[in-house]
Each structure stands twice: as structure tokens, then as C-alpha cells.
Amino acid sequence: MSVFTPLTKAQLEDFLSPYRLGALHDFQEIQAGTENSNFFIHLGNGQYVLTLIERGPLQDLPFFIELLERLHAAGFAVPYAITTPSGEALRTLKGKPALLQPCLPGRHVDNPSAAHCAEVGRWLAGLHLLTRQAPLIRKSDRGLDWMQAQGKALSPDLSADEAALLHAALAEIQSKQEQIRALPSANLHADLFRDNVMFEGEHLSGVIDFYNACSGPMLYDLAIALNDWCSQAGGALDLARARALLDAYAAKRPFSQAEATLLPCLLRIAAVRFWLSRLLAARAFAGQDVLIKDPHEYARLLSARQQVLLTLPLAL
Ligand SMILES: Nc1ncnc2c1ncn2[C@@H]1O[C@H](COP(=O)(O)OP(=O)(O)OP(=O)(O)O)[C@@H](O)[C@H]1O
Ligand SMILES: N[C@@H](CCO)C(=O)O
């Protein structure tokens with residue numbers, strides 16, 4: 001399970017009363033999730049999700065709240081922070097920052113079709129188009145410098161083959177970092193995995209978990225999504241799904257030549273980022289009753305991205 005801070009009904013009733021959303025009928029701990037404590041909350045006038053933030057850059061919570069408010073105002077189905085009548089969005093429960101959000105409809109899709117991937121591409125293009133003129137600035141706390149530092153710290157734990165794979169990727173990141181930082185930027189979700197997207201049939205009905213959101217190169221968001229949504233079991237890219245995602249995106253925001261050149265590198269960087277964060281989580285939560293995602297999946301994926309046959313659709 002992954003609820004780090006259990007709550008009683010009385011604690012919840014006390015916390016929820018200022019929202020004036022009706023009586024607490026029921027609540028359930030949400031077992032999925034790896035970083036925060038989440039609860040489904042059934043109130044008199046509907047269903048909500050309560051998140052207690054357990055870790056991460058707490059000083060950046062105002063950034064997440066503002067970004068989600070901006071997306072909500074633009075019509076995106078996202079878990080914006082509901083405010084109390086006195087205007088409080090960020091509150092505290094059992095000493096943890098606490099946010100009450102709408103419960104978004106739909107379910108996660110484990111085996112996405114090309115149509116699901118196209119929806120993801122369209123959603124990402126919408127996010128980037130909305131924010132690229134004036135992105136809210138936040139440097140990722142798991143960016144290129146973090147990868148270099150964590151890669152160095154974690155490589156002694158790896159097999160010789162894995163360490164060589166990681167070192168080659170870190171050397172590539174080092175040599176191309178200026179080109180990467182010069183790519184066109186916007187606000188990124190930066191964690192757009194299948195378990196952060198809800199679907200009703202083939203219609204994308206919501207995106208959750210913005211706690212890795214940041215400002216940065218738009219291509220990086222695509223690389224993260226391609227790696228999770230468009231990989232076959234062994235790690236190789238599924239070209240039909242990848243093409244569907246990229247074509248749907250490019251129909252709303254055409255790619256630049258620099259983005260086309262750097263796509264293979266960005267796919268490798270996105271693989272390194274989640275390989276390292278999963279290694280760190282596996283180390284931090286070893287032996288505990290916490291959902292740990294397999295780090296080796298991302299080592300395999302990085303290995304499979306040494307050759308990338310996918311090209312970006314460019315405007316003629
Ligand atoms: N606003 C919401 N509407 C509906 N379901 C939600 C909402 N927020 C969270 N959930 C459900 O709770 C689960 C866990 O949430 P989430 O992925 O945000 O966990 P986390 O621990 O914060 O993040 P992660 O493990 O992805 O880093 C989701 O998979 C989803 O099923
Ligand atoms: N989506 C991440 C976990 C949360 O950041 C992963 O699959 O490793």
C-alpha cells in the first residue's frame with residue numbers, strides 16, 4: 001500500500017468542514033500511488049480526492065496550485081485545488097500540506113491503443129500551447145544536473161553492464177546539454193505516464209499528479225510520454241502508437257528541426273531520469289509496504305533507445 005499518513009473519520013470531518021461541501025459519507029485510502037497519501041472522499045454534494053503531500057519540493061506547492069488553476073480555467077480536466085469560502089487552497093492536515101481536488105472520471109489504461117496515444121499527444125500539445133508564451137517558471141528538481149549527481153551516486157549499486165550504459169548516457173547528456181536547454185520550452189507535466197491519465201473509452205477524461213510539473217523543453221514531455229505509452233514489453237518503441245501520438249501533437253504544434261535532431265537523445269534522457277528515480281525509491285523504501293516500480297524496466301528501455309528509428313513529423 002502507499003498511504004503514508006492514515007486518517008480517521010473524525011480528523012477528516014474536522015478538516016473538511018470549512019469547505020461546506022456537505023457531510024462526510026465515506027472515505028477510502030487509495031492504494032495506487034507511490035509518493036503521496038491519497039484518499040477518495042464522498043461528501044454530501046459529490047466525490048473528491050484528498051492528497052497529503054508527503055515529500056518533494058514543498059516550497060514549490062504555490063507553483064503547482066497556480067499551474068493547475070490556470071489549466072482548470074482554460075477548461076482542462078485536472079485536479080485543481082478547491083478553495084474554502086475564505087479562499088484557502090493549501091491547508092494542513094496531520095502536519096502535512098493538504099489539497100482537496102475534484103475526483104476526475106475515467107480509468108487508467110494499461111494497454112493503450114493508437115487512439116489513446118493520439119489523445120495523449122493532443123493533450124500535451126494543448127498544455128504546451130497554453131503555457132509556452134508565458135510559462136510559470138519552475139526548474140525541475142530532477143533535471144540534468146540531478147541526473148549527473150544521482151548517476152554518480154547510484155552507479156556503484158549497478159552491474160558492470162548497467163553502469164556502462166548509464167555512464168554513456170550521462171556523457172551524452174553532458175555533451176548536449178546546451179542544445180537541450182535551447183529547445184523551445186513551456187510548462188511540462190513531466191510525468192505523463194499511463195497511471196497519471198484517465199480515459200472514458202478512448203476519450204481522455206483527466207490528467208492527475210502534477211508534482212513533477214516544471215518549465216522546460218517541450219520535447220522532453222513528449223519523450224517521457226513516448227517511453228511509457230508507446231513501448232513494447234521488451235522496451236522497443238511501438239512505432240504505430242508513437243506515430244499516432246506524435247502526429248496528433250504535431251497537428252496542433254509543429255516540431256522544429258532542432259527537436260527532430262534531438263528526439264533520440266531526449267528519449268534516452270527520459271529513460272535515465274526514471275531509471276534513477278526508481279533506483280532511489282527502491283533504496284529508500286526497501287522492505288517497506290510501499291509500491292515500488294521496477295528500476296530495471298527503465299534500464300531495458302534505455303538499452304532499447306540506443307538506436308531510435310522514429311522520426312518527428314516536420315511541417316513541409
Ligand atoms: N483527482 C483524482 N481523480 C480521480 N482519481 C484520482 C485523483 N487523484 C488521484 N487519483 C487516483 O489515485 C491514484 C494515486 O494518485 P497519484 O498517481 O497522484 O499518486 P502519487 O503517489 O501522488 O503519485 P505517483 O505515484 O504517480 O508519483 C491514481 O492512480 C488515481 O487512480
Ligand atoms: N511515474 C513515475 C513515478 C512517479 O514519478 C515512474 O513510473 O517511475
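Residue indices follow the written sequence of each chain, beginning from 1 at its first position. The naming scheme follows written order: chains are lettered A onward, ligands numbered 1 onward. pLDDT decides what is reported in this predicted model: residues at 70 or higher carry local features, side-chain atom pairs at 80 or more are listed and counted, and totals for whole chains, interfaces and linings draw on all residues regardless.

Novice: Where do I start with the site of ligand 1 in this structure?
Specialist: Being near a molecule or strand means, for a residue, that its C-beta atom, positioned from the backbone, comes within 6 Å of it. Neighbouring residues of ligand 1: 17 residues in total, closest G33, T34, N36, P79 and D209. Here the residues of the shell around ligand 1 sort into 7 nonpolar, 7 polar and 3 charged. Two domains each put at least three residues into the shell around ligand 1: domain 1 (9–102) and domain 2 (114–304). Classification used: nonpolar for Ala, Val, Leu, Ile, Met, Phe, Trp, Tyr, Cys and Pro, charged for Asp, Glu, Lys and Arg, polar for all others including Gly. Either an automatic procedure or a domain database provided the assignment from which the domain bounds are taken.

Novice: It is not clear to me how the confidence of the model for the protein should be interpreted in this structure. Could you clarify?
Specialist: Any region with low pLDDT has predicted coordinates that should not be read closely. When pLDDT is averaged across the protein, the result is 96; 99% of the residues are at 70 or more. Among the prediction metrics, the complex's ipTM stands at 0.93, with pTM recorded as 0.95. For every residue, the predictor states its confidence as a pLDDT score lying anywhere from 0 to 100.

Novice: Please explain the environment of P217 as it appears in this structure.
Specialist: Considering the arrangement of structural elements, one finds P217 in strand β9 (residues 214–217). A tally of 22 C-beta atoms within 10 Å means that P217 is categorised as buried. Separated by 89 residues in the primary sequence, P217 and H128 have C-alpha atoms spaced 9.7 Å apart. Going along the chain from the N terminus, every DSSP run of H or I of four or more residues is numbered as a helix, and every run of E of two or more is numbered as a strand. Remark: C-beta atoms are placed from the backbone, and a residue is labelled buried if 20 or more other C-beta atoms sit within 10 Å of its own, exposed if 12 or fewer do, or partly exposed between those counts.

Novice: Explanation requested: the UniProt feature "domain: Aminoglycoside phosphotransferase" (unreviewed entry) in the protein in the structure shown.
Specialist: UniProt positions are given in the numbering used here, feature names are shortened, and annotations may be inferred rather than shown by experiment. Under the UniProt annotation, the feature "domain: Aminoglycoside phosphotransferase" (unreviewed entry) is placed at residues 27–255. In residues 27–255, the share of helix is 39% and the share of strand is 19%. The end C-alpha atoms are 45 Å apart.

Novice: I would appreciate a short explanation of the domain arrangement of the protein in the present structure.
Specialist: In many reports, interface size means the accessible area that the parts give up when they come together. Along its sequence, the protein is carved into domain 1 (9–102) and domain 2 (114–304). Taking only C-alpha atoms into account, the centre of domain 1 sits 26 Å from that of domain 2. Each side of the interface is counted separately: domain 1 has 15 residues, and domain 2 has 17 residues. Counted by class, the side of domain 1 that touches domain 2 contains 10 nonpolar, 2 polar and 3 charged residues. The contact criterion used here is simple: two residues whose C-beta atoms, placed from the backbone, lie within 7 Å are in contact.

Novice: Can you help me understand the site of ligand 2 in this one?
Specialist: Residues in close proximity to ligand 2 include T34, D191, F193, N212, F274, S277, R278 and K293, which together make up its full environment. Class assignment for the residues of the shell around ligand 2 results in 2 nonpolar, 3 polar and 3 charged.

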